[in-house]
Structures are given as structure tokens and as C-alpha cells.
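# Summary of the model geometry
This is what each chain is made of:
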Amino acid sequence: MIRAIIRRVLWTIPVLFTVVAMAFLLMHAAPGSPWEKDPSKLALVHFSMDEATMRALDRRFGLDKPLWRQFMLYVVGDFDQQGEFICGLACGNLGPSLSLRGRSVQDILFSAPEGKTFWESAFGYSLRLGVLALLFAVAIGIPVGVIAAVKQNTWIDYLVTLLATLGISIPNFVVGLVLIVLIVTFGANTITVVPRSWSSNPLTWILPAAVLSTGTLSTTARLTRTSMLEVMRQDYVRTARAKGLKERVVINRHILKNALIPVITMIGPALAELIAGSFIIEMMFGFPGMGRTYANSITNFDYPLIMGATLLYALLVVLFNLSVDLAYGLLDPRIRIK
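For the structure given in this document, a descriptive report is provided here.

Reading the values: rules and limits
- Residues numbered from 1 in each chain as written.
- Predicted model: local features only at pLDDT ≥ 70, side-chain atom pairs only at ≥ 80, totals over all residues.
- Heavy atoms only, no water.
- Disulfide = S-S within 2.5 Å.
- Buried < 20%, exposed > 50% of the residue type's maximum accessible area, 1.4 Å probe, protein only.
- Phe/Tyr/Trp six-rings, centres within 6.5 Å; stacked < 30°, edge-to-face > 60°.
- Helix = DSSP H or I, 4+ residues; strand = E, 2+ residues; numbered from the N terminus.
- Axes fitted to C-alpha atoms, helices over the stretch in contact; angles between N-to-C directions.
- Parallel < 35°, antiparallel > 145°, perpendicular 65-115°, else oblique.
- Left-handed = near helix turned anticlockwise from the far one by under 90°.
- Contact = heavy atoms within 4.5 Å.
- Nonpolar A, V, L, I, M, F, W, Y, C, P; charged D, E, K, R; others polar.
- Salt bridge = Lys/Arg side-chain N within 4 Å of Asp/Glu carboxyl O.
- Core = buried A, V, L, I, M, F, W, Y, C linked by side-chain atoms within 4.5 Å.
- Arc of directions from axis to C-beta.

Turning next to the state of the cysteines. One pass over the full model with this rule turns up 1 disulfide. Disulfide partner of Cys87: Cys91, at an S-S distance of 1.8 Å. Here the S-S torsion is close to 70°, and the disulfide linking Cys87 with Cys91 is therefore right-handed. On the accessibility criterion, Cys91 (55% relative accessible area) is exposed.

Quick look at the structure:
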């Protein structure tokens, strides 16, 4: 078991390297630069930069070097203008931000304001929002899917299937817009859509977490229903009922436990998806998380911040997938890692 875990962890190195390389190439293939050389866009931000200044900044951050050299600079490191070697990604250095001058990518993503805890950093906010959205999806989706399977071909089953299909089909930001319009129209005095402080009132987290969880909740409900129906037709379930066990015991002990294996498979990547895909919801609700920082970095062509956030998202996906593989053995002893 330990050897299998070590082998899986070592496999993450080439996976993350591939993600970094592809993100680097796609990022530099996009038109534009951190200093914004397009005159039509310069008018929008009300400043301009002369060619000499842009060339100096390119030399300062290594953007004047060939593309392969820039990639080696980011991954391995390079000597600065004073002759001092600055280690790169290999040493955990994500580099300086190009849009937020004087701050590193680590500081932007993981450092909280002075006097605050880690959970009030950009990554901490997004992590809490993603976990809360996943709890919404699991706490509601699994029971609803179980009820739909037990009440198969009844109006309850049809209603759950309809709502789950709508939840999967409609993007969560559309659901958010509809809820915002309804709240502003009917509950403007009782519910705040964009609060002044996200840490002062935990109730302000409910609306963005609920909106973010709609797709995952619907997928969880449908997958639970389908898996339950498949397990309910197995021989050992018929044997358990033939022994005279109560239906509640049959469902909880013999059906649900085995039916949860596909759901657990989905939950790991779903949490990474909720954290990584929350930037639209964060922008919509003015949420101070990593998603909004990521979206702003793309707009500003902040290459190190884009690379750092992309790498962090990829790392989360890999870690959650590994956690899912380890959880299999707890749900079904027949599953072994070989």
C-alpha cells in the first residue's frame, strides 16, 4: 500500500511538469503583454508606457529572452542582474507578480492581511468556499438520489430527475444571476448580495456556496440514483431481503455503501473543480478568493501569477484524485491497490 502511494506521488511530477509546460506555451501564444502595447487598450486604463520603459521591464523580468530560456528561468532559475542566482519553481519559488509590483505570487495567493489568519488569504477563501459548496452538494445530493432510487418511477423520482437535469444543464452563474435579481427585487432589505466583509457574518457564504454547488449537487443526485438502482438489482441485496432484514438496514448497510463508490470517484475531482471553477461566482459576488485573483491575472497578462494559480489548481486535482483512490479501500474491501 505504501509503495503504491509513493508510486502515485512520484507520477505527479511529470503530470505537473506537463501542465506547467502547456500553460507556459498557451500563455505566451496569446496576443498581448504585461505592459500592454495595444494603443486601443491603453486608452481603457488611462496610462501609456514608452518603448524604452517596456524594454527595461522586459530585461528586468527576463521577458526579452528566448522562450525556452524563459521556461528554464521559471522552472530552474537564473542569475539576476547583480549576478545572484535566483532559484525557480524547483525550489518552490513561483516568482514575482508583474501586475502587483513588489509582491510575490506566494504572497498574493497564501498571505492574509496583517492580523488575519491563513483562512482569510485568497487561497483560504476559495478553499473554504469550495468545501462549503461540496458539503452542500453531498448533504443534499446523496439523500435526494437515494430517495429517488427507492421511489423509482413515482412522481418523486420524476421530479428529482427533472430538477437534476436542469441543474446540470443551466450554468451556475445563470442561477446566480437569477437569484441576485430575485433577492434585489424581493429581499433587498433582509439579504446582502455583496457584503462589506466576508468574515463578519457566516450567513453571507450561503448564497455563493449554494450557487457554486448547483452543478455538483445535481450530478451527485443523478449519479447516486443510478448507482443505487444498479446495486439494488444485485443478488446479495435479494439475499439480504430474503433473510428478513428491515428495508432500512438493507439500504444503509448493503446498498448505499457499495453505491457510493462511483460518487466518491466524482467527489474528489469535484472539489478541485469547485475551487478552480469558482472565479465566475467570485467575480459575481465580489468574493475575495483566488478565482477572482486568477481572472484578474489573465486580464493583466501577469505570467507568474497565471502560472502559479494554474499549477496550484493542477496540484489540487492530483491530490484529490489520490485521496479518492485511497478511499476506495475503506468503502469496499474487495478493492486492492496492486
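Taken as a whole and judged by the stated rule, the model has 7 aromatic pairs. Arranged with centres 5.5 Å apart and planes meeting at 65°, the rings of Phe110 and Phe123 form a pair that is edge-to-face. Taken together, the residues span a long stretch of sequence, with Phe110 in helix α5 (residues 105-110) and Phe123 in helix α6 (residues 122-150) at a distance of 13 residues. The exposure class of Phe123 is buried, given its relative accessible area of 9%. Consider the rings of Phe118 and Trp119, whose centres lie 5.4 Å apart with planes at 65°: the pair is edge-to-face. By relative accessible area, Phe118 is classed as partly exposed at 37%.

Between helix α11 (residues 235-242) and helix α12 (residues 247-276), the least distance of the axes is 10 Å, while the angle of their chain directions is 165°. One element, α11, and the other, α12, form an angle in the roughly antiparallel class. At the point where α11 passes α12, the crossing takes the right-handed sense. Contact residues: Tyr236, Val237, Ala240 and Arg241 in α11; Glu247, Val250, His254, Ile255 and Asn258 in α12.

Two elements in contact, α6 and helix α14 (residues 290-299), have axes whose closest approach is 7 Å; the angle formed by their N-to-C orientations is 125°. One element, α6, and the other, α14, form an angle in the oblique class. The segment α6 lies against α14, with Ala122, Phe123 and Ser126 engaging Met290, Gly291 and Thr293. The residue inventory of the contact of α6 with α14, partitioned by class, reads 3 nonpolar, 3 polar and no charged.

Inspection of the entire model under this criterion finds 3 salt bridges. Across the pair Asp107 and Arg103 runs a salt bridge, and its minimum N-O distance is 2.8 Å. Given the relative accessible area of 25%, Asp107 is considered partly exposed. Overall, Arg103 belongs to the partly exposed group, its relative accessible area being 34%. In this structure, Arg225 and Asp157 form a salt bridge, with 2.6 Å as the shortest nitrogen-oxygen distance. Here Asp157 lies in helix α7 (residues 155-169) and Arg225 lies in helix α10 (residues 214-232), a separation of 68 residues in the sequence. Here Arg225 matches Asp157 in class, with each residue buried.

Core analysis: the largest hydrophobic core is formed by 75 residues, its most contacted members being Val20, Met228, Ile255, Ile275 and Met290. Here this core takes 14 residues from α12, the largest share from any one element. Those residues in contact with Met228 that lie beyond four places of it in its chain are Val146, Ala149, Ile251, Ile255, Leu256 and Ala259.

Every buried residue belonging to helix α4 (residues 67-75) is among Gln70, Phe71, Tyr74 and Val75, and all of these are buried. Around the axis of α4, the buried residues are gathered within 125° of arc, so they sit on the same side. Of the residues trailing α4, Gly77 is marked for its positive phi of about 125°.

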